[in-house]
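# Structural characterization, general
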Amino acid sequence: MIRNIFKKDIKRPIEGVIKADNLSDESVFTEVDEYVITNDLSKKLDEFFEIYSSTIGQPTESIGVWISGFFGSGKSHLLKILSYILSNHRVHSDLIGELFMQKVQQDFELKNNIEKALKIPAHAILFNIDQKAEVGAKNSDDAILSVFMKVFNEMRGYYPKFGYIAKFESDLDKQGLFENFKTRFKELSGESWDSGRETIHLEIDSVAQTLAEIKGISLDSASEVIDKYEENYSLSIEEFVKEVKEFIDKQEPNYRLIFCVDEVGQFIGDNTKLMLNLQTIVETLATVCKGQAWVIVTSQSAVNDLLANQKSTEFDFSKIMGRFKVKLNLTSQNANEVIQKRLLDKKEDSHQDLISIYNKVQNSLKSIIHFSDRGRQYKSYDNSENFASIYPFVPYQMDLFQSCIMGLSRNSAFQGKHQSIGERSMLDVVQNVTIKVSEESIGTIATFDKFFDGLSSTIRGELQAQINQAINSLGIDSLEVKILKILFMVKYVKEFNASIDNITTLLVNSVELDISDLKKRVTHALTVLIEQVFIQRIGDIYEFLTDVEKDIENEIKEISIEQREVTAELVKWIYDDILKSSNKVRFDFNKQDYIFARKIDDTLVKGKDEELTLNIITPLTSDDYSSERLFGKSIGDRDVIVYLEPNFDFIKDLEMFVKTEKFIPQKRNGNLTDTENNLLFNKSSDNYKRRDKLQEDLKELFSNAKLYFNGGLLDIKSSDPKMLIDKAFNEVIPVV
């Protein structure tokens, strides 16, 4: 079984994302112990620790570190590990920093710089800024400052929720009265100060009596103190930095306070004022604290990219570039290497067995795991070592999954307070999928639909309604549901073409597989999904339909059209677009032009009857014409008959094109929401793509057409429809 091939228990707890409130000794020790330092990451750590350690004891204003990278790159994990190392707490008799240093024994320069860093006292405050911010806080110009002050107060043991209470506590602390205040408050009220301050206005009598006693002031004066603090409290960057500086000055020499801020880039977005708020905080900390207060942040965007997104040209953000001197950009390759080493590392004998399996099936694997030429090329296995390292996965899955996450994120697919990314890390999802296939036999490959299962708990419920409906009607383990999950995942990945071949590749579940049989089953399942309006097909590309899109699709299907409307569209495409409106053909022998009548499906559609006639039998009626009938008809009518083979998909797509063209203007006459307008715009764009594909298919039908004349077949072929017709008439003109 697959679960037996791994070095470590695949079901062991692995912390996927930052949870600053889950810092138990056990989890911290495990995370640092299992942390994987890739070659790429080692270089980035070198860069950070060289600057961090070289400025110890020296004033510096380069106090910022900007860690960037898309979902799954490991930026949040790196931030968390740095916070552990720099604080260097003791866990299980081990100093965390020294435990980490054992991982870099071969890099002497990095090891020496880490040693220097560990010699100074430091405290890291780790937090996700979106989780710490109050609801609606982004509307405030000082939103980032408020969070910085909140976590700083919390670290000092002051009340984080209301700044005026923290200010009251801080002032008592400076006077050496805070501990006495807390003790006496509990004696008078019967509850701890930490509990009482939650409902401070209900405890105002106990607060006043306590304050009057320890400060030796009147009860009346003490009763007004809290109200005055609330009334007069204001927060400024200068006041915040002053508090930080005073705190640092009370610590040991060379002490550093480090703010470790996760996902600051997404919190800021394109809000110019929030960007200015961050710049001013970092700049003021740098100027006042002289290198003893650091700020390390993570962002999906590099700092220069985030600055480029700022809409305002009113502010100069150049200073922030200088403050964030260390810029660490993590790549998806780093994440893939971490997953292989931390999660998928195999026992030695299992690793060798997998190499043997690959050597036996490598040729067949190339034929069953491949993508069509159009679109981005995703990787299969490079060699036996690559296969053994990443099994039971395929290399393309990691890159495609990250693209899916980014697409879903851009389209607000995730639920919860931090909606910009899924709450689960890439490591977490891959572990979830591995557990799902762990009871399967060796040779089984994880299919891409399982990545949806690993992510589903973070996706907004209404977006999963279609999949839940399909599960109820088709069965949870049906191929249709697996395909629907895949199409949901890739819906917003523009570079991935969801064709039958590519969807089939994503469903390969074994190193030994009948790919032709799987493709047949996928084709049938796609037909079922289209019939039940879970998906749509544009040309040879299939697309998941959201609830709103499904409603529109159903409305389109209900549009009534007549055969003449469909025929009229074909007439335009064939005679105007493909044959370029020409009703003349030049006879090469005498260089004269001859006019010909133009028919579609035996009906005159352009011009009048002429001695020469071109009659194109299209898929709309070609099922009605046998070879015998066509031979007989070509004798009786003396037409050049171009017979296009029957094509059911072509007819269905053509009808869908005509219905959509008719539907969009009708729908736009009503009162529409912005969402409906956007959907109509997308529907119109999709219909143009459908038309282009239909015209390509039509040209293909011409290249395979049979030409009948005077009771026989003309031996003429051409990939150019116009040239095909010219050749046909040049052959029949002498006879006519």
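Each chain carries its own residue numbering, running from 1 in the written order of its sequence. With the structure being a predicted model, the display of local features is reserved for residues of pLDDT at least 70 and the display and counting of side-chain atom pairs for 80 or more, all residues being used for whole-chain, interface and lining totals. The basis for every side-chain value is the complete set of heavy atoms in the structure, and neither hydrogens nor water enter the calculation.

The next point concerns the overall build of the protein chain. Only DSSP runs of H or I reaching four residues or more are called helices, and only runs of E reaching two or more are called strands; each is numbered from the N terminus. Across its full length, the protein chain carries 33 helices and 16 strands. Here the radius of gyration uses the C-alpha set of atoms, whereas the globule reference equals 2.2 Å times the residue count to the power 0.38. For a compact globule of 736 residues, the expected C-alpha radius of gyration is about 27 Å, and the protein chain comes in at 35 Å, more than 25% above that figure. Seen through its C-alpha atoms, the protein chain measures out along the principal axes to roughly 120 × 65 × 50 Å. Note on definitions: a residue-residue contact is assigned when non-hydrogen atoms from the two residues lie within 4.5 Å. Taking as baseline every contact in the protein chain between residues at least 6 positions apart, the subset at least 24 positions apart corresponds to 74%. Of the roughly 33,200 Å² that the protein chain leaves accessible, carbon and sulfur atoms contribute 46%. To measure how exposed things are, a 1.4 Å probe is used in the Shrake-Rupley method; for residues, cover is taken only from the protein chains shown.

All right, on to the sheet that holds strand S1 (residues 64–68) then. With parallel pairing, 5 strands are arranged side by side in an open sheet as S4-S5-S6-S1-S7. The outermost strands of the open sheet, each flanked by one partner alone, are strand S4 (122–128) and strand S7 (326–329). Shown here is a sheet whose adjacent strand axes are inclined to one another by a mean of 15°, direction ignored. Paired strands are those between which DSSP finds at least two bridges. Relative to strand S6 (residues 293–299), strand S5 (residues 256–262) is paired through 5 bridges, and the arrangement is parallel. Paired with Cys-260 across the strands is Ile-296, a residue of S6. Set on the sheet, helix H3 (residues 75–87) makes contact with S1, S4, S5, S6 and S7; between it and S4 the angle comes to about 155°. Comment: axis = line fitted to C-alpha atoms, over the contacting stretch for helices; angle = value between 0 and 180 degrees taken between N-to-C directions.

One finds Phe-48, Phe-49, Phe-240, Val-244, Phe-259 and Leu-285 to be the most contacted residues of the largest nonpolar core, which totals 79 residues. The contact partners of Phe-48, leaving out residues within four places of it in the chain, are Val-65, Leu-82, Leu-86, Trp-294, Ile-296, Val-326 and Leu-328. Only buried residues count toward a nonpolar core. Its members are Ala, Val, Leu, Ile, Met, Phe, Trp, Tyr and Cys residues joined through side-chain atoms within 4.5 Å. A 1.4 Å probe rolled over the protein chains alone gives each residue an accessible area, and that area as a share of the maximum for its type sets the label: buried under 20%, exposed over 50%, partly exposed in between.

Let us look at the pairing of S5. Counting buried positions along S5 yields 7 of 7 residues, so the element is predominantly enclosed. Alternating residues of S5 divide into Arg-256, Ile-258, Cys-260 and Asp-262 and Leu-257, Phe-259 and Val-261, and every residue in both groups is buried. The pairing of S4 with S5 spans 7 bridges and is classified as parallel. Each residue of the ladder has a partner; that of Ile-125, found in S5, is Phe-259.

Any cysteine sulfur atom paired with another within 2.5 Å is treated as part of a disulfide. Applying the stated rule across the entire model yields 0 disulfides. Free of any disulfide, Cys-260 has its nearest neighbouring cysteine sulfur in Cys-289, separated by 15 Å.

Here the focus is the side chain of Lys-491. Position of Lys-491 relative to the elements: it lies in the loop between helix H25 (479–489) and helix H26 (500–506). Exposure remark for Lys-491: the relative accessible area of 14% places this residue in the buried category.

Next up on the list: the packing of helix H11 (residues 204–215) against helix H12 (residues 219–232). How two helices sit against one another is set out by the angle between their axes and by the gap between those axes. Contact geometry for H11 and H12: axes closest at 8 Å, N-to-C directions at 125°. As far as their axial angle goes, H12 and H11 are oblique. In the crossing of H11 with H12, the sense of the turn from one axis to the other is right-handed. On the side of H11, the interface is formed by Ile-204, Val-207, Ala-208, Gln-209, Leu-211 and Ala-212, while H12 contributes Leu-219, Ala-222, Ser-223, Val-225 and Ile-226. By the definition adopted for this analysis, an angle is roughly parallel if under 35 degrees, roughly antiparallel if over 145, roughly perpendicular if from 65 to 115, and oblique otherwise. Crossing handedness is defined as follows: a turn of the near helix away from the far one that is anticlockwise and smaller than a right angle gives a left-handed crossing, while the clockwise case is right-handed.

Neither face of strand S8 (residues 535–538) is open: one carries Ile-535 and Arg-537, the other Gln-536 and Ile-538, and all of them are buried. Across 4 bridges, S8 lies against strand S9 (residues 541–544) in antiparallel orientation. Following the sheet pairing, Arg-537 is matched in S9 by Tyr-542.

All right, on to the packing of aromatic side chains then. Each aromatic pair joins two rings of Phe, Tyr and Trp (for Trp, the six-membered one) with centres within 6.5 Å, and gets the label stacked for planes under 30 degrees apart, edge-to-face for over 60, and tilted for any other angle. Counted according to the given criterion, the structure contains 41 aromatic pairs. Here the aromatic rings of Tyr-381 and Phe-387 are separated by 4.9 Å at their centres, their planes lie at 75°, and the arrangement is edge-to-face. For Tyr-381, a relative accessible area of 9% gives the class buried. By relative accessible area, which is 0% here, Phe-387 ends up buried. An aromatic cluster of at least three residues, connected via ring pairs, comprises Phe-127, Phe-148, Phe-152, Phe-240, Phe-247, Tyr-255 and Phe-259. Two thresholds decide whether a charge sits over a ring: the Lys NZ or Arg CZ must be within 6 Å of the ring centre and within 35 degrees of the ring normal. In this structure, Lys-182 packs its charged tip against the face of Phe-178, placed 4.5 Å from the ring centre.

Here we come to helix H31 (residues 648–668). Here, expected helix span is obtained from the residue count minus one, scaled by 1.5 Å. In a regular helix each residue adds 1.5 Å, so 21 residues correspond to 30 Å; H31 covers 31 Å between its end C-alpha atoms and thus fits that length. Listing the buried residues of H31 in full gives Phe-650, Ile-651, Asp-653, Leu-654, Met-656, Phe-657, Val-658, Lys-659, Thr-660, Phe-663, Ile-664 and Lys-667. Each element contacted by the buried residues of H31 is listed here: S8, helix H28 (547–557), helix H29 (563–578) and helix H32 (674–703). N or O atoms closer than or at 3.5 Å make up a polar contact, with two conditions inside protein: a donor-capable atom paired with an acceptor-capable one, and, for residues adjacent in sequence, both atoms drawn from side chains. Among the residues of H31, the N-terminal cap falls to Asn-647, whose side-chain oxygen and the backbone nitrogen of Asp-649 are separated by 3.3 Å.

Checked against the element boundaries, Ser-718 lands in the loop between strand S16 (712–714) and helix H33 (721–732). Given a relative accessible area of 11%, Ser-718 falls into the buried group. Distance in space between the C-alpha atoms of Ser-718 and Phe-702 is 8.0 Å, their sequence separation being 16 residues. Residues in contact with Ser-718, not counting those within four places in the same chain, are Phe-702, Ser-703, Met-723 and Leu-724. Within the local environment of Ser-718, its side chain forms a polar contact with the backbone nitrogen of Asp-720, the two atoms lying 3.1 Å apart.

Below, the discussion takes up a negative patch on the surface. Note on patches: the residues involved have over 30% relative accessible area and no salt bridge, like charges join within 9 Å, and the nonpolar side chains Val, Leu, Ile, Met, Phe, Trp and Tyr join within 5 Å. The rule for a salt bridge is simple: a side-chain nitrogen of Lys or Arg has to be within 4 Å of a carboxyl oxygen of Asp or Glu. In this charge count, Lys and Arg are treated as positive and Asp and Glu as negative; neither His nor the chain ends contribute. Lysine's charge is taken at NZ, arginine's at CZ, aspartate's at CG and glutamate's at CD. On the surface, Glu-348, Asp-349, Asp-353 and Glu-385 cluster together into a patch of negative charge. Tracing the chain through its elements places Asp-353 in helix H19 (residues 348–368). We classify Asp-353 as partly exposed; its relative accessible area is 48%.

Let us now look at unusual backbone geometry. Among all residues save glycine, negative phi is the norm, and among peptide bonds the norm is trans. Note that the residue after Tyr-391, namely Pro-392, is joined by a cis bond; omega there is 10°. Mapped onto the secondary structure, Pro-392 falls in the loop between helix H20 (384–390) and helix H21 (395–410). For Glu-263, which is not glycine, the phi torsion reads 60° and is therefore positive. For Glu-263, a relative accessible area of 2% gives the class buried. The phi torsion at Asn-710 lies on the positive side, around 55°, for a residue other than glycine. Its location among the elements puts Asn-710 in the loop between strand S15 (706–709) and S16. The exposure class of Asn-710 is partly exposed, given its relative accessible area of 36%.

The next thing to look at is the side chain of Arg-197. Along the chain, Arg-197 turns up in the loop between helix H10 (193–196) and H11. At a separation of 2.6 Å, a polar atom in the side chain of Arg-197 contacts the side chain of Glu-169. Beyond its immediate sequence surroundings of up to four residues, Arg-197 is in contact with Gly-157, Tyr-158, Tyr-159, Ile-165 and Glu-169.

On to the environment of Ala-143. Examined against the element boundaries, Ala-143 turns out to sit in helix H7 (residues 143–156). Residues Ala-143 and His-351, spaced 208 residues apart in sequence, show a C-alpha to C-alpha distance of 51 Å.

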